[in-house]
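One letter stands for each residue in the lines below.
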Amino acid sequence: MVRVRVVHRCSSCGAAHPKWAGRCDSCGEWNSLVEELDSSARSAVTLPDAAIPLRVTEVDDEAARSVPTGIGEFDRVLGGGLVPGSVTLVGGEPGIGKSTLLLQLLGGVASSGVRSLYITGEESASQVKARAARVGALHDELWLVAETSLPNVKAHIDSVEPELVVVDSVQTMHDPELGSASGSVAQVRECANQLLKLAKARGISLVLVGHVTKEGTLAGPRVLEHVVDTVIEFEGDRQHGLRLLRATKHRFGPTSEVGLMQMSQTGLSTVDDPSGIFLADRVAGVSGSAVVPTIDGRRPLLIELQALVAGSSLAAPRRSTQGVDQGRLAMLLAVLERRVGLSVSKFDVYALAVGGVRVIDPGADAGLALAVASALTGKAIGDDLVVIGEVGLGGELRQVGHQDRRLAEAIRHGFRRAIVPGAVAGGPDGLTVMRAPTLAAAVALADVGPS
Ligand code: TYD
Ligand code: MG
């Protein structure tokens, strides 16, 4: 068998080296060499089929052909369903439920008579069958194979002729023509490239599962993000059972919709009242807690943000976050100090979003800042109050989108008062809307400032 030549390329300066070394000779960067196929071999492998130019109006509208998977929340994130010939990467921590989700999806698709193939590199076929039985995915058109060798995987796809293929996980696949171990960057990239070509050529919807590392990055799979059509991240809090699906890249539509699901004994199911789940364990009258009506895509979601401030003995006090951005917290702490007169420079600050959710909505700024202020002064924010607003460096509160929808969700969950940016006029019935042009004004309205 001919071995494909491998080079070691520096991911910092791009220089190629015949052998691996801890340090790149060209730029001096440490640990930057990654294995790669020799470019001469690679161009032969990845040369695209010839295409013909068309008028833009005549080009096939792929997105219009998306096929619903039957898992409503998955389809919501994809803006309809899977597009034939598309490649989707589903990433998430081990144990979060990727295999469960995709097995349910395949089962659903198979039950509607569409042939699908599940390739497992991590579990045995009988283990997968047991799980399929648990989640109701036992259907004749769902095919299973436990396989990790790429040529065999391709042969299985050829013999089964499925319309939908799931490879779980891409890190377990290996191409024997490459010398490196499965899971290495070169293997992951090469296996994905070959599967991708096969999927495009046959019009198969391909879903690749990728495990993420503890740091929250799609380690090996990260190198695939630019070649796949769609990247979906599966996240959540294992204890709470709540799971979020988020598209971080989607070539066929917007990436703003979030899917919400719940893990139960019979797999993942839809959640009727997500805000209710997020707020279920909230204790009234405790300082350092604020409820913010966030918007993910088009869905409003009430999320509790918590902060704790504790005296620090460290020269550089700790700033620890979970579910909220560390840089955003640092910025809010600076604004609280310089524009509101509340300094936490001698304190450790912990901030988190309850329920394992990751908050990326800037409209949550004011709530997080008020939670910190409340934690610092020990005054609880009223349990009938929600806060909306992006905080600017000048200490001003800025308007955010979909305020009406955010407030409607707050009313639905029994909130009676809202602090909103000053410039916004009007407000729905049933809610006392308080306008705060600045964060300092919001601190005063919520009564969490120093007395
Ligand atoms: P799994 O899909 O194997 O996660 P991943 O593929 O992302 O590593 O499932 C993870 C967890 O879900 C596992 O600990 C068991 C639990 N689980 C349920 O709670 N209910 C179920 O019906 C199933 C199938 C799994
Ligand atoms: Mg799995």
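Computed from a predicted model, the values in this text were never measured in an experiment. (Residues numbered from 1 in each chain as written. Chains lettered and ligands numbered in written order. Predicted model: local features only at pLDDT ≥ 70, side-chain atom pairs only at ≥ 80, totals over all residues. Heavy atoms only, no water.)

Along its length, the protein chain carries twelve helices and 21 strands. Across its three principal axes, the protein chain shows a C-alpha extent of roughly 80 × 55 × 50 Å. Buried residues in the protein chain amount to 48% of all 451 residues. Of the contacts formed within the protein chain by residues at least 6 apart in sequence, a portion of 65% connects residues at least 24 apart. When the accessible surface of the protein chain is split by element, carbon and sulfur atoms take 51% of a total near 20,300 Å². Mean positive and mean negative side-chain charge positions of the protein chain (44 and 50 charges, respectively) differ by 4 Å. (Helix = DSSP H or I, 4+ residues; strand = E, 2+ residues; numbered from the N terminus. Buried < 20%, exposed > 50% of the residue type's maximum accessible area, 1.4 Å probe, protein only. Contact = heavy atoms within 4.5 Å. Areas by Shrake-Rupley, 256 points an atom, 1.4 Å probe, with all protein chains shown as cover. Lys, Arg positive; Asp, Glu negative; His and termini not counted. Charge placed at Lys NZ, Arg CZ, Asp CG, Glu CD.)

Let's shift gears to the site of ligand 1. Around ligand 1, 16 residues are found, and the nearest of them are Gly95, Ser99, Thr100, Ser264 and Gly267. In this structure, Thr100 approaches ligand 1 through a side-chain N or O atom, which is 2.6 Å from an oxygen atom. Here an oxygen atom of ligand 1 and a side-chain polar atom of Arg131 are 2.9 Å apart. Here ligand 1, which alone exposes 560 Å², has 75% of that area covered by the protein. By residue number, the principal contributor to the shell around ligand 1 is helix H3 (residues 98–111), which donates three residues. Counted by class, the shell around ligand 1 contains four nonpolar, eight polar and four charged residues. (Near = heavy atom within 4 Å. Polar contact = N/O pair within 3.5 Å; in protein donor to acceptor, adjacent residues only side chain to side chain. Nonpolar A, V, L, I, M, F, W, Y, C, P; charged D, E, K, R; others polar.)

Turning our eyes to something else, we now look at the pattern of salt bridges. Tallying each qualifying case throughout the model produces 20 salt bridges. The salt bridge partner of Glu58 is Arg55, with a shortest N-O separation of 3.4 Å. Since its relative accessible area comes to 59%, Arg55 is described here as exposed. Residue Arg398 pairs with Glu396 through a salt bridge whose shortest N-O separation is 2.8 Å. Residue Arg398 is classed as partly exposed on the basis of its relative accessible area of 44%. (Salt bridge = Lys/Arg side-chain N within 4 Å of Asp/Glu carboxyl O.)

This part covers the domain arrangement of the protein chain. Along its sequence, the protein chain is organised into domain 1 (1–42), domain 2 (64–270) and domain 3 (277–446). Each of domain 2 and domain 3 has a C-alpha centre, and these two points are 36 Å apart. Each partner contributes residues to the interface: domain 2 has 16 residues there, and domain 3 has 13 residues. In total, domain 2 and domain 3 occlude about 1,200 Å² of area from one another, counting both sides; carbon and sulfur atoms represent 50% of this. Our count for the contact surface shared by domain 2 and domain 3 stands at four salt bridges. The partner of Arg246 in a salt bridge is Asp296, with the nearest N and O atoms 3.3 Å apart. (Domains from an automatic or database assignment. Buried area = accessible area lost by both parts, 1.4 Å probe.)

We now examine H3. Its 14 residues give H3 an end-to-end C-alpha distance of 20 Å, which sits within 8% of 20 Å, the value for a rise of 1.5 Å per residue. Of all 14 residues that make up H3, twelve are buried, and the element is covered over most of its length. Listed in full, the buried residues belonging to H3 are Lys98, Ser99, Thr100, Leu101, Leu102, Leu103, Gln104, Leu105, Leu106, Gly107, Val109 and Ala110. Directly after H3, the chain includes Gly113, whose backbone phi takes a positive value near 90 degrees. (Expected span 1.5 Å × (residues − 1).)

This paragraph deals with the sheet that holds strand E11 (residues 258–264). With mixed pairing, nine strands are arranged side by side in an open sheet as E6-E5-E7-E8-E4-E9-E10-E11-E12. Two strands close off the open sheet at either side, each with one partner strand: strand E6 (142–146) and strand E12 (267–270). Across the sheet, the axes of successive neighbouring strands diverge by a mean angle of 25 degrees, strand direction being ignored. Examined bridge by bridge, strand E9 (residues 230–236) and strand E10 (residues 242–250) share seven bridges and lie antiparallel to one another. Bridge pairing in E10 links Glu233 to Arg246. Docked against the sheet, helix H6 (residues 185–202) engages strand E4 (87–92), strand E7 (164–168) and strand E8 (205–211), running at close to 160 degrees with respect to E8. (Pairing = 2+ DSSP bridges. Axes fitted to C-alpha atoms, helices over the stretch in contact; angles between N-to-C directions.)

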